[in-house]
Amino acid sequence: MPLSRRDPLIFQNSRAFLELLLVPVATNNHRRHSRRKKETLELWGSLYGASLPENAVLPIREEDHPARGNESQPFKRRFNGWKFTAALLLCFLLSAVGILLALSWMPQDLSDVQGYGTQGAVTDLPSVFQNAVQNGEEAVFTEAEINRYLQDTLKFGQRGVFNVIARPCGVAVRIHDGYAELILDRLLGARLHQTISVYLTFRSIREDDGTKINLEYRGGSDILGSMPRGGTIGLISVPERYILILHPSVEGIRKTYEGFFSQIADSGYLPRFIKDENGGDNRLILQPPSS
């Protein structure tokens, strides 16, 4: 006869029977899980040398986790005055070098050089000087006459490492008080102009066999009060010892006009350079030795 849930006695007896069967199984499972938990805790406790309670919390030591300890205390970089000063000096030196390089490639303004790049009558300087020597008079040449004579008679050429990309544009003479400035103007590439100049000062030296004219590559006031000013590279003034790199160029010009220069040296005439501060003609005066 099949059972029915409507029979209260049979349903209650069946439920009680199931509870009797399930309670020992649940108790055994609880004991089994409790035993495993205790064994795990005892194993961890054995690592620390003691058994831990069932609900114990294991401590975390900083020496076991150094990285985690560093997170709680972030590293602080200390300010170093010496390193900061060295960094400032390095930045200053690099900036100074960059400015000097930029100025060395900036050409001079040659618009104030009288007679350079202009057309006009060309004066035969050797003939005028020869007549002055024969008459025992001083010879006077203006800055414009000198530059036009150089422009008409000097043949230009570029040698050295820049002969592929450089093209000479001209040679100019600027007269200052007491010295002259010989300027070499050249074109690098298509549009980049560069100017290099050397200062020329003539001094007379008396010797036993007569008066000798000595040429010095210097002029103007000294750099920093102690280094003779030898010329310029771009817009930078250069000491005398470093401007000697232009000595081959000066020697090339001297050889081109070797006859004229020999005539001046043999006559004993002393060159004097006079700059007109009022905007007039700057002049080169060749004075006879008796004056």
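In case you missed it, the structure is sitting above this.
Residues numbered from 1 in each chain as written. Predicted model: local features only at pLDDT ≥ 70, side-chain atom pairs only at ≥ 80, totals over all residues. Heavy atoms only, no water.

Engineer: Any details on the pairing of strand β3 (residues 180–188)? Residues and values, ideally.
Structural biologist: The element β3 is largely enclosed, with a buried count of 8 among its 9 residues. Both β3 and strand β4 (residues 192–207) contribute to a ladder of 9 bridges, which runs antiparallel. Among the inter-strand pairings, L188 is bridged to a residue of β4, identified as L192. With antiparallel pairing between neighbouring strands as the criterion, β3 and β4 make up a hairpin whose turn holds 3 residues, including G189 at a positive phi of roughly 75 degrees. (Buried < 20%, exposed > 50% of the residue type's maximum accessible area, 1.4 Å probe, protein only. Helix = DSSP H or I, 4+ residues; strand = E, 2+ residues; numbered from the N terminus. Pairing = 2+ DSSP bridges.)

Engineer: A description of the packing of helix α4 (residues 125–135) against helix α7 (residues 258–267) should follow, citing residues and the corresponding values.
Structural biologist: Interaxial distance between α4 and α7 falls to 10 Å at its minimum, and their mutual angle equals 15 degrees. The pairing of α4 with α7 is recorded here as roughly parallel in orientation. Read as a crossing pair, α4 and α7 show a hand that is left-handed. Across from L125, P126, F129, Q130 and V133 in α4, the residues of α7 making contact are F260, Q263, I264 and S267. (Axes fitted to C-alpha atoms, helices over the stretch in contact; angles between N-to-C directions. Parallel < 35°, antiparallel > 145°, perpendicular 65-115°, else oblique. Left-handed = near helix turned anticlockwise from the far one by under 90°. Contact = heavy atoms within 4.5 Å.)

Engineer: Kindly report on the nonpolar core, identifying the contributing residues and their values.
Structural biologist: Of all hydrophobic cores here, the largest spans 30 residues; its most connected members are F129, F141, I146, L182, V198 and L286. In this structure, L110, V113, Y116 and A172 belong to the second largest nonpolar core, which totals 5 residues. (Core = buried A, V, L, I, M, F, W, Y, C linked by side-chain atoms within 4.5 Å.)

Engineer: Can you break down the sheet that holds strand β1 (residues 139–142) residue by residue, with the values?
Structural biologist: With antiparallel pairing, the 3 strands of this open sheet are ordered in space as β1-β9-β8. Edge positions in the open sheet fall to β1 and β8 (270–274), since each of these has one partner strand only. Within this sheet the neighbouring strands show an average axis-to-axis angle of 20 degrees, counted without direction. Contacts between helix α5 (residues 143–153) and the sheet are confined to β1 and β9 (283–287), with β1 contributing the most and set at about 75 degrees to the helix.

Engineer: Quick rundown of the side chain of T232? Include the residues and the values.
Structural biologist: Turning to its location among the elements, T232 is positioned in strand β6 (residues 229–233). A distance of 2.9 Å separates polar atoms of two side chains, one belonging to T232 and the other to Q108. Polar side-chain contacts of T232 include one of 2.4 Å to the side chain of S197. Once you skip the residues sitting within four places of it in the chain, T232 turns out to touch Q108, E181, T195, I196, S197, Y199, S237, V238 and I243. (Polar contact = N/O pair within 3.5 Å; in protein donor to acceptor, adjacent residues only side chain to side chain.)

Engineer: Please provide a residue-by-residue account of the side chain of D185, values included.
Structural biologist: Here D185 lies in strand β3. Buried and unpaired, D185 has R186 as its nearest opposite-charge partner, separated by 7.8 Å. Non-local contacts of D185, meaning those with residues more than four positions away in its chain, are made with L110, Y116, P168, C169, G170, H193, Q194 and T195. (Lys, Arg positive; Asp, Glu negative; His and termini not counted. Salt bridge = Lys/Arg side-chain N within 4 Å of Asp/Glu carboxyl O.)

Engineer: Describe the pattern of salt bridges, naming the residues involved and giving the relevant values.
Structural biologist: Under the defined criterion, the tally for this structure stands at 6 salt bridges. For the salt bridge of R218 with E240, the shortest nitrogen-to-oxygen distance reads 2.9 Å. Here E240 lies in the loop between β7 (236–239) and α6 (247–256) and R218 lies in the loop between β5 (210–216) and β6, a separation of 22 residues in the sequence. In this structure, a network of salt bridges that share partners links the residues R203, E216, R218 and E240.

Engineer: Which residues make up the pairing of β4, and what values go with them?
Structural biologist: Bridge count for β4 against β6 is 3 bridges, and the pairing is antiparallel. Within β6, the residue paired with V198 across the bridge is G231.

Keep in mind these numbers describe shape, not what the thing actually does.
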